[in-house]
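Coordinates in review
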Amino acid sequence: MERILDKSSIDEVLKVYPARRDSLVRLLQAMQSKFGYLSEEVMLAVADYLNLSPSSVYSVATFYAQFKFKPAGRHCIKVCYGTACHVKGAGKVLTELERKLGIKKGETTPDREYTLETEACFGSCALAPLVMIDSEFYGRVTPDSAPDLIGGD
Amino acid sequence: MGLNSLRKESIHEWNEVLNPSRPQIFVGMSTCGEASGVVAVNKAIQDGLEEHGIDAVVNKTGCLGICYCEPLVDIIKPGKPRISYRSVEKTNVSGLLKDYILDDNPRPDLALGAWGQEFKGIPDLFELDFMKFQVRIALRNAGVINPENFSHYLARGGYQGFEKALDMDPEEIIAEIEKAGLRGRGGAGFPTGMKWKLCRKSRNFPKYLICNADEGDPGAFMDRSLLESDPHSVLEGMLIGAYAIGCSRGFIYIRAEYPLAIKRLKIALEHMKRHHLLGENILGSGFSFDIEIREGAGAFVCGEETALMKSIEGQRGTPYSRPPFPAQAGLWGKPTNINNVETWANVPVILEKGAGWFNRHGTEKSKGTKTFALAGKVNNTGLIEVPMGMTLEKIVYAIGGGVCDGKELKAVQTGGPAGGCLPLAKLGLTVDYESLAEAGSIMGSGGMIVLDEDDSMLETARYFLAFIQEESCGKCVPCRTGTRQMLAILDTFIKGRGKPQDIETLLSLGDSIKKTSLCGLGQAAPNPVLTTINYFRGEYEKGINPKLLRAKAHQ
Ligand SMILES: Cc1cc2nc3c(=O)[nH]c(=O)nc-3n(C[C@H](O)[C@H](O)[C@H](O)COP(=O)(O)O)c2cc1C
């Protein structure tokens, strides 16, 4: 993830999709995967490129849960909150992680190391409860084993 | 320009896998395998082969659906059946490779089953309770082939349905789908042939085709597994549909949370391009068609077809009221046909084997099979495909092996947030569109969660209602504020402070939300509450504030 935004790195992402309305969501996704979140600067650049008003870009961006407007932590922890995970104790796993990290879901640790989130469902229900850290999945997590996933103490 | 010579080569290649001259190893590489540690196992296999100096071919495969035994590894030795090993750990890989491949001891203690026969004390895989009641049509290749290998799909009859379709009139194809009785697997069960016919009739061009792979229902993973394990079956279905309807452009709308499915789809689309199955003048037939992948952005409501189309257009994914139906005016106002992943995967087989072969399975009104993601408090969790009309009891006990830890079954939740909780007394119910709807639930896309005696029905209802309330797009009032009110009332019962009359309030509020919401999200939102009141009213009564009850008794 790149943190420093300069105009040319934004332009590089813009170039990937044609300047049409239906590129909007894809562009926002590409921006977020490059910069980690959608800054005002990025959204203005997208609006300009697609010839849309900034408010219509913001309105679309805020509609979708995927988009973040604040920088995230270096690592992203997602606790699956699907039905199977729910009945198998995902709530307790989340509580344990919140305790260990000292933050609530949706928040980032002050040192910007971890962001803690819940996900509607990863679709790996047979291995519930499931936790994803960056792009690694961990199945059958228990409240006891959950804190070990983040290591250290 | 056909696929015949390529198919011949592919069959040759596939036979070399099944009857190999050197050992073949299959590693179940799907998301559920990854979550249970298959990446480390795969590495251990490479190391083990090197350590023992074994010359073997390692293949990836998808998911057989036997998730409770993941990671799953299969071995085929020359002249021997394919053997599946269960719950393989990186620490026992080296021993297994040595014992079986070098010393010819197939290690029955680690094996799950042998394919198609009993073998040296290892049971026949397809005679295991989990497998023997299944009929695998949509999942015909899942866990069998390497999903990233085009030859494997081709060798197993792939693209035969499409080639057959190219020799037929589009109307004939649609008639065959109608005769098969195929209904949408995305939830509502609308007859697929009829949908295609409507879209074909329109004289407005261009026409679009969509595969709905949003699979937002928490507790459902059928479509993910299918796309990860056999992407071509879905793509071939889309190709046949596009040809029959007359569509020139197709989209797969897939949730971003499914990175492996997206990767495998991209690989499969590359195969198609390379072999003239996409683009201009497909297989020299004059028919042209292209498919693009669009990733969802984390909004449940975008699984709803009108919202989905708005999202593809780059707008906020809010639904609009129908008519006009997508078949009349969909994407960019043009006729659009949208079907679910599993619906598409059924199409090629219907063409290849005929409607009569397909509709032997199922009930009077629900033909064929349905996949279910069996999860929750059940021993054998996994992905299953059963003929329509099987009882819930058979699914949970015969296939699922009953409830975990010897606990009592309390309810089976079907249909996700739009569905309902069915109690023990309803276990004799058959799974087909009509019976489930009659009992107050729905077939839905196929999530099936088993709940035991420890699960509170109020909590379960709350879980789903809270989910819907969070995902409500806010466009229509009944869904936006109605679900919020229901949730607030439900919470009073959960805290033991419910008002006696509020059970009725929930029922009437639920009824109005169902009748007046704009889209299926709101129309189904009250179901989890309504079914739990219907079948587990006692739990709501227990949540009534005792003081209020006493006051009522004094009146
Ligand atoms: C809130 C909501 C969510 C939906 N989510 C999905 C979904 O994830 N996948 C799907 O195939 N259909 C979903 N549907 C159903 C679609 O609107 C549509 O009926 C379906 O894609 C049609 O395909 P089929 O006829 O093959 O089932 C959803 C409907 C609603 C109301």
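Okay, so let's go over this structure.

Cut-off values and rules
Residues numbered from 1 in each chain as written. Chains lettered and ligands numbered in written order. Predicted model: local features only at pLDDT ≥ 70, side-chain atom pairs only at ≥ 80, totals over all residues. Heavy atoms only, no water. Core = buried A, V, L, I, M, F, W, Y, C linked by side-chain atoms within 4.5 Å. Buried < 20%, exposed > 50% of the residue type's maximum accessible area, 1.4 Å probe, protein only. Helix = DSSP H or I, 4+ residues; strand = E, 2+ residues; numbered from the N terminus. Contact = heavy atoms within 4.5 Å. Salt bridge = Lys/Arg side-chain N within 4 Å of Asp/Glu carboxyl O. Axes fitted to C-alpha atoms, helices over the stretch in contact; angles between N-to-C directions. Parallel < 35°, antiparallel > 145°, perpendicular 65-115°, else oblique. Left-handed = near helix turned anticlockwise from the far one by under 90°. Nonpolar A, V, L, I, M, F, W, Y, C, P; charged D, E, K, R; others polar.

In this section: the nonpolar core. Counting residues in hydrophobic clusters, the biggest one holds 148 residues, and the most contacted among them are Tyr159(B), Phe162(B), Leu235(B), Leu239(B), Ile254(B) and Phe289(B). Among the elements that make up this core, the one with the highest residue count is helix H11 (residues 231-245) of chain B (nine residues). Once residues lying within four places of it in the same chain are set aside, the contact partners of Phe289(B) are Leu209(B), Met238(B), Leu239(B), Ala242(B), Cys247(B), Ser248(B), Arg249(B), Gly250(B), Leu278(B), Gly279(B) and Ile282(B). Of all hydrophobic cores here, the second largest spans 46 residues; its members include Leu28(A), Val57(A), Phe63(A) and Tyr64(A).

Residue and element names in this part refer to chain B. All told, the structure shown has 42 salt bridges over all chains when counted by the stated rule. Across the salt bridge formed by Glu 292 and Arg 294, the nearest N and O atoms sit 3.1 Å from each other. A relative accessible area of 3% places Arg 294 in the buried class. Its salt-bridge partner being Glu 504, residue Arg 537 comes within 2.9 Å of it at the nearest N-O pair. Taken together, the residues Arg 537 in helix H22 (residues 527-542) and Glu 504 in helix H20 (residues 502-516) connect sequence positions 33 residues apart.

Here we come to the packing of helix H3 (residues 38-52) of chain B against helix H4 (residues 90-102) of chain B. All names here are of chain B. Contact geometry of H3 with H4 gives a least axis separation of 8 Å together with a crossing angle of 45°. The angle between the axes of H3 and H4 places the two elements in the oblique class. The way H3 lies across H4 gives a crossing that is right-handed. Between H3 and H4, the contacting residues are Ala 40, Val 41, Ala 44, Ile 45, Gly 48, Leu 49, Glu 51 and His 52 on the first element and Lys 90, Val 93, Ser 94, Leu 97, Lys 98 and Leu 102 on the second.

Take the packing of H20(B) against H22(B) next. Residues and elements named next belong to chain B. One can describe the packing of H20 onto H22 by two numbers: an axis separation of 10 Å at closest approach and a directional angle of 175°. Between H20 and H22, the angle falls in the class roughly antiparallel. Within the contact between the two elements, H20 uses Ile 503, Glu 504, Leu 506, Leu 507, Gly 510 and Lys 514 and H22 uses Asn 527, Val 529, Leu 530, Ile 533, Arg 537, Tyr 540 and Glu 541. Across the contact of H20 with H22, the residue classes break down as seven nonpolar, two polar and four charged.

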